[in-house]
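# Reading the structure
Each chain is listed here by its residues.
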Amino acid sequence: MTRHALRRYALRLVSLVTALGLWQLLTGLDVDIWLRFSQFPTVTDVAHAFAGRLTGSDYWTDLTDSLTRILAGFLLAAVLAVAVGVLVARSRLAEDLLGPVLEVVRPIPAIALVPVAILLFPSNEQGIVFITFTAAFFPVLVSTRHAVRALTPVWEEAVRTMGGSRWRILGSVVLPGALPGIFGGLSVGIGVSWICVISAEMISGQYGVGYRTWQDYTVVDYPGVFVGMVTIGVLGWVTSTAVELLGRRLTRWLPRTSYVPGGRSRSAMLPAPAPVPVVVKAEGDSQYQSDAQQQGSGETEQEARDEHLV
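Scanning the chain from N- to C-terminus turns up 11 helices and four strands. Counting only carbon and sulfur atoms, one obtains 65% of the accessible surface of the chain, whose full area is about 20,800 Å².

To continue, consider the confidence of the model for the chain. Across the chain, pLDDT averages 81, with 82% of residues at or above 70. Under a pLDDT of 50 for its full length, residues 265–269 has, in the predicted model, seven contacts with residues more than four places off or in other chains.

Bringing the nonpolar core into the picture now. Grouped together as the largest cluster of nonpolar side chains are 48 residues, with contacts concentrated most on Ile-131, Phe-137, Leu-186 and Trp-194. Elements represented by at least two residues in this core include exactly helix H3 (57–90), helix H5 (114–120), helix H6 (124–149), helix H8 (166–204) and helix H10 (222–250). Sequence-distant contacts of Trp-194, defined by excluding residues within four places in its chain, comprise Ser-66, Leu-67, Ile-70, Leu-235, Gly-236 and Thr-239.

This part takes up the packing of aromatic side chains. One pass over the structure, following the stated rule, counts nine aromatic pairs. Ring geometry for Phe-121 against Phe-130: centres 5.2 Å apart, planes inclined by 45°, an arrangement best described as tilted. Grouping aromatic residues by their ring pairs yields a cluster made of Trp-23, Phe-37, Phe-40 and Phe-226.

What follows concerns the side chain of Arg-69. For Arg-69, the position within the fold is in helix H3. On the basis of relative accessibility, which here comes to 1%, the residue Arg-69 falls in the buried class. One polar contact links Arg-69 to Glu-125, side chain to side chain, over a distance of 2.9 Å. Here the side chain of Arg-69 touches Glu-201 through a polar contact of 2.8 Å, side chain to side chain. Ignoring anything within four residues of it in the chain, the contact list for Arg-69 reads Glu-125, Ile-128, Val-129, Thr-132, Val-197, Glu-201, Gln-206, Tyr-207 and Gly-208.

Analysis parameters
Residues numbered from 1 in each chain as written. Predicted model: local features only at pLDDT ≥ 70, side-chain atom pairs only at ≥ 80, totals over all residues. Heavy atoms only, no water. Helix = DSSP H or I, 4+ residues; strand = E, 2+ residues; numbered from the N terminus. Areas by Shrake-Rupley, 256 points an atom, 1.4 Å probe, with all protein chains shown as cover. pLDDT = per-residue confidence, 0-100. Contact = heavy atoms within 4.5 Å. Core = buried A, V, L, I, M, F, W, Y, C linked by side-chain atoms within 4.5 Å. Buried < 20%, exposed > 50% of the residue type's maximum accessible area, 1.4 Å probe, protein only. Phe/Tyr/Trp six-rings, centres within 6.5 Å; stacked < 30°, edge-to-face > 60°. Polar contact = N/O pair within 3.5 Å; in protein donor to acceptor, adjacent residues only side chain to side chain.

Have a look at this one:
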């Protein structure tokens, strides 16, 4: 690990420790300056509650249930959203048939579909997975559609010229070229999925991190509420990082831009190419200019005659 990488990790650690220290200071001193920090538990209270939860079985059961719901809904949304996004971007018929319905449903918040899920599915578990699926589906769909439409047609024409079929174009050009945009949508979708699955668990769940956090709030166990919040944040960060690492792994053929302090990329630090010398003949310059002027006036007169004939 390089010195620059160590310095960056050290800065991140200092940022986290500073935030925790500020939290402990404001809550420990019961600071009430418009914001009522006296109502918040301290960092030590949350740490003690977290240690107590780790030794119990309910915490791990809630963790497993939430992860199962998020992975089931997110994976299903990823597969279907990529397929529908490619279809809508490549087919005008599919765009005309599916586009209006998708655009009408897309602005509806996924959490607003909780009553629909309760009425539609026979169990709360299936309804929560449906909410998670809906939350991740549309970010991935929109990103895939834009990524496919942004592809340059030269690649597709080259494969078609060499006799490639539609499936060959799809597998060799469309999907690899759209992968960066697809993984951008997946990264956004996993974050939105966590927001909605926790909200759905609070409303109609049985077990799960969101359900336990809401139960702690109802019994006024504020350290337990913060334990749930920290757990949600860590789970969201881990899953988002996993999606980004997978995306980098699958798109390692793309050129990478190295970060250089000072706001310049590594390519900007390369030496500029030497200027190409231009040889200018000095003799006969006046004669050349007069000849050029005569030629230009002759072309102008010829164009005027052509316009008069037209």
